[in-house]
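Fold and geometry: a report
The residues making up each chain are set out below.
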Amino acid sequence: GIPATVLSVSICVCRASSIQEDSAMENIVTEKKVEESHRQDSADLLIFIMLLTLTILTIWLFKHRRFRFLHETGLAMIYGVLVGVVLRYGIHVPRDISNVTMSCHVNASPATLLVNVSGKFYEYTLKGEIGANEVNDVQDNEMLRKVTFDPEVFFNILLPPIIFHAGYSLKRRHFFRNMGSILAYAFLGTVVSCFVIGLLMYGCVLLMKQVGQLGGDFFFTDCLFFGAIVSATDPVTVLAIFNELQVDVDLYALLFGESVLNDAVAVILSSSIVAYQPQGDNSHTFEVMALLKSFGMFLGVFSGSFALGVATGVVTFTKLRDFPLLETALFFLMSWSTFLLAEACGFTGVVAVLFCGITQAHYTFNNLSPDSQDRTKQLFELLNFLAENFIFSYMGLALFTFQSHIFNPMFIVGAFVAVFLGRAANIYPLSLLLNLGRRNKITSNFQHMMMFAGLRGAMTFALSIRDTATYARQMMFTTTLLVVFFTVWICGGGTTQMLSCQHIRVGVDSDQDNPVSVALVSITEGSERRSTKQESAWLFRIWYNFDHNYLKPILTHSVTFISVCVSNNPLPSHQNECQLKDDDSDLILTDGDINLTYGDITVSTDASGSHTSGGPAFAGAATSDDLDRELTYGDHELVMRGTRLVLPMDDSEPPFTDPHHRMRM
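Below is a summary of the structure that appears in this document.

What counts and how
- Residues numbered from 1 in each chain as written.
- Predicted model: local features only at pLDDT ≥ 70, side-chain atom pairs only at ≥ 80, totals over all residues.
- Heavy atoms only, no water.
- Core = buried A, V, L, I, M, F, W, Y, C linked by side-chain atoms within 4.5 Å.
- Buried < 20%, exposed > 50% of the residue type's maximum accessible area, 1.4 Å probe, protein only.
- Helix = DSSP H or I, 4+ residues; strand = E, 2+ residues; numbered from the N terminus.
- Salt bridge = Lys/Arg side-chain N within 4 Å of Asp/Glu carboxyl O.
- Patch = residues over 30% accessible without salt bridge, like charges linked within 9 Å, V, L, I, M, F, W, Y side chains within 5 Å.
- Areas by Shrake-Rupley, 256 points an atom, 1.4 Å probe, with all protein chains shown as cover.
- Phe/Tyr/Trp six-rings, centres within 6.5 Å; stacked < 30°, edge-to-face > 60°.
- Lys NZ or Arg CZ within 6 Å of the ring centre and 35° of its normal.

Once that is clear, we can look at the nonpolar core. In this structure, Met-201, Phe-218, Phe-226, Phe-242 and Phe-461 are the most contacted members of the largest nonpolar core, which totals 122 residues. Considering each element in turn, this core owes the most residues, 14 residues, to helix α9 (residues 249-274).

Next up, the structure:
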């Protein structure tokens, strides 16, 4: 009995030691796999960094050679396509057949799978479906999947700095002068474009069914969703060329303002279409109550997002001027948190962060220290540049690395025709209606240029890649990529030729113009300049007076009075120069005199001399010239007839300083 017991004990000990050895070997293998995965992830990120580096170097070469045919976004897409081709067809990972199990059968595809292997439980996460013909290329699919980012990365990390920079760098003077037209194009025009594209694509889908070219379900709501996402314009290429060539500021303002706002409209419109749910089993029938519910959701989400963005921008009331680094960090985090807070509350972060940027540029920027003002501008400009080029590089990469592309020639051709007609239905009818109320008409060549400049970009891509689970969404994503490629390469590359063809003047009235020069032009042109004011903007004038008298004094640290220096004796330069540091001066320039109203003091000069008079400022009404000056900021000096006034204007150029001139009143 004893030898048998000893034998059984020795067998148990051997089994235990064998299990421990197997466990140790398994841990070693796992550690090696983790290390290999880490190296692979680093190599994948290095690919994108090298793409951006190559793009920047090529951009420098293009700018040095003054080559305008291709913008950096189009260049980034080309490099992305080339790398995607190499990854898809040039690199093959050997298959490890020992790590693939083919005999596990389940009735569903759970998101998480627990597998019991010899008493140990392992958790597996669903990565997606692969075709039967791709089973032998599992390793290659894994490599391509690693360079495919989670769509939430685009929405939560890459989009916020792009949208915020659009609002933070908005040229308010030209934006508000054309505010009525911009709102019409962005809201009404985007809705019209969405339904025109949706109806045309539904006809195309019905035709595809008749000829047997449709391989899955494609409903009218899917067509409307496609119309919403491709209605978001992103003419970054055109605007960059406009800025470089100094194209008319009103054309620039109309295109830029429309692209900024219609991104927000397209996001909420697509969400409202997805939320359309009629009662009953068939969720794709037409029902009035469901339509009204979606419309109410559109208004509610937009209003809530708008209010949240403005509120967050207002409460960013920093008191850290003595510590610029901390001030800049707080400003950055508050701005980014606006997007995430809106998404967490069920609103739209794109709308919230856009209006947060506009609000912070109007109020919070004045409270920042000079160092923080420069840092925030440069920081968001850099983040916008990197994020935008990263997205366009990824677009080129995704054309070959995405696993579920569906190329349908009929749908692609129909989409191009629908996008063209939808853009035309947006621009031409609205321009005809707007010209009935505009003093400065939107000319036909401007309309043709706006039609041509309807490029699609980052927002369209981000909306299409967010959901690629169904047959319809996969076909939409593939077609959207091709639409973006065509508009960026062809339309963006032909901008200079289109300007010449439409005889649109360049080199005049740049959006970066010094407002002082604009004021001098207004003096020489006189009534001709005043007779071509864009829009009365009476509603905005009411808001301007309320903002000037109540909101600005509360929400900014700005000074609300002016000290007038009156002296007949020469004084040191720093005592004799009276500088206005706030951006709320009302400047009214005429042919014969200069009249500056600031708070309760009026400073005026005319051809016979100069004088200063004090008294209550007339704040009951504000002219269009007043609004123009209010919506620009910075420090500039206007020299005329021996009188120097330091006026708050556009900060795109450094203030003119001349120690030999002094303010004489």
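And the narrative resumes.
What follows concerns the pattern of salt bridges. Considering all chains together, one arrives at 5 salt bridges under this definition. The salt bridge involving Arg-466 is made with Glu-152; its shortest N-O contact spans 3.6 Å. One end of the pair, Arg-466, is in the loop between α16 (458-465) and α17 (471-493); the other, Glu-152, is in helix α4 (residues 151-168), with 314 residues separating them in the sequence. Its relative accessible area of 34% is what places Arg-466 among the partly exposed residues. The partner of Arg-423 in a salt bridge is Glu-258, and the shortest N-O contact between them spans 2.7 Å. Pair noted here: Arg-423 is in helix α14 (residues 409-435) and Glu-258 is in helix α9, with a separation of 165 residues, a long-range link. With relative accessibility at 3%, the residue Arg-423 sits in the buried group. Because the salt bridges share partners, they merge into one network encompassing Glu-152, Glu-343 and Arg-466.

Side chains of Leu-200, Val-413, Val-417, Phe-420 and Leu-421 sit close together on the surface and give an oily, nonpolar patch of about 450 Å² of accessible area. A per-element tally of the nonpolar patch places α14 first, with 4 residues. Take Leu-200: it is sitting in helix α6 (residues 179-210). Accessibility expressed as a relative area gives 36% for Leu-200, which makes it partly exposed.

Here the focus is the packing of aromatic side chains. Inspection of the entire model under this criterion finds 27 aromatic pairs. Centroid distance Tyr-89 to Phe-400: 6.2 Å. Interplanar angle 80 degrees. Geometry classified as edge-to-face. Here Tyr-89 is found in helix α2 (residues 72-90), whereas its partner Phe-400 is found in helix α13 (residues 370-401), with 311 residues between them in sequence. One residue, Arg-466, lies across the ring of Phe-155, its end atom 3.7 Å from the ring centre.

Read these as spatial facts, not as claims about activity.
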